[in-house]
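So you can see what is in the structure, the chains are spelled out below.
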Amino acid sequence: MQDSKTMLAMCEEQEEKFQFDHFSRADALAFGLKLHENAKKQPIPVAIEITVNGLVVFRYFPDGALPDSELWLQRKRRTVDLMQMSSLHFLAWLEGNGESLESRKLPADDYAAGGGGFPIRLRGTGVIGSICVSGMPDHMDDHQLVINTLAEFLA
């Protein structure tokens, strides 16, 4: 795994790059379907959730997705909502500051510091929602799936 400074810089760059001019519920559907298409290329099922303004507007659990993915999606979403950054960014931020979920008084049952949650950020507005995935054995792969799909979608 990369060191926290490198990961922090990478996450900041990604969050700056992958912003939207607009993001509607129709955009959430189109993005969610694209994310699912990319997820199907993975060796295991990946659960997907997209929220806008606190409302779940896209959610899909393919056959074989584990039920605990629902809990991981919730944890990742709460982290993005609270910290206004990706859940991987939050992990790097915690490590860089010598902190943990516990030292921040954030229960691990409710929040996740690791890859798979990404903010939906509108230019000039801020974070309006989240894109979360769960299911890969390595949380870095969850993060990369979202990043790769954002790169394709925003190209």
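Residues numbered from 1 in each chain as written. Predicted model: local features only at pLDDT ≥ 70, side-chain atom pairs only at ≥ 80, totals over all residues. Heavy atoms only, no water.

A few words on the pairing of strand 2 (residues 55-60). Alignment of strand 1 (residues 47-52) against strand 2, held across five bridges, turns out to be antiparallel. Across the sheet, Ile50 pairs through a bridge with Phe58, a residue of strand 2. (Pairing = 2+ DSSP bridges. Helix = DSSP H or I, 4+ residues; strand = E, 2+ residues; numbered from the N terminus.)

Below, the discussion takes up unusual backbone geometry. Of note, the phi angle at Gln84 is positive, near 60°, even though the residue is not glycine. Structurally, Gln84 can be placed in the loop between helix 3 (68-83) and helix 4 (87-96). Unusually for a residue other than glycine, Lys105 sits at a positive phi of about 60°. Assignment of secondary structure puts Lys105 in the loop between helix 4 and strand 3 (117-122).

The next point concerns the sheet that holds strand 2. The antiparallel open sheet is built from four strands, whose spatial order is 2-1-4-3. The open sheet is flanked by strand 2 and strand 3, the only strands paired with a single partner. Pairwise comparison of adjacent strand axes, ignoring direction, gives a mean angle of 20° for this sheet. Sheet topology places strand 3 next to strand 4 (residues 126-134); six bridges connect them, and they run antiparallel. Note on strand 4: the bridge partner recorded for Ile120 is Gly129. Where helix 2 (residues 25-39) meets the sheet, its contacts fall on strand 1, strand 2 and strand 4, and the angle it forms with strand 2 comes to roughly 25°. (Axes fitted to C-alpha atoms, helices over the stretch in contact; angles between N-to-C directions. Contact = heavy atoms within 4.5 Å.)

Now for helix 5 (residues 139-154). Compared with the 22 Å implied by 1.5 Å per residue over 16 residues, the 23 Å span of helix 5 between its first and last C-alpha is a close match. Of the positions making up helix 5, those classed as buried are Met140, Asp142, His143, Leu145, Val146, Ile147, Thr149 and Leu150. Buried residues in helix 5 make contact with helix 1 (4-17), helix 2, helix 3, helix 4, strand 3 and strand 4. Two or three places before Met140, at the start of helix 5, stands the capping residue Asp138, its side-chain oxygen 2.8 Å from that residue's backbone nitrogen. (Expected span 1.5 Å × (residues − 1). Buried < 20%, exposed > 50% of the residue type's maximum accessible area, 1.4 Å probe, protein only. Polar contact = N/O pair within 3.5 Å; in protein donor to acceptor, adjacent residues only side chain to side chain.)

As far as function goes, none of this settles anything; it's purely spatial.
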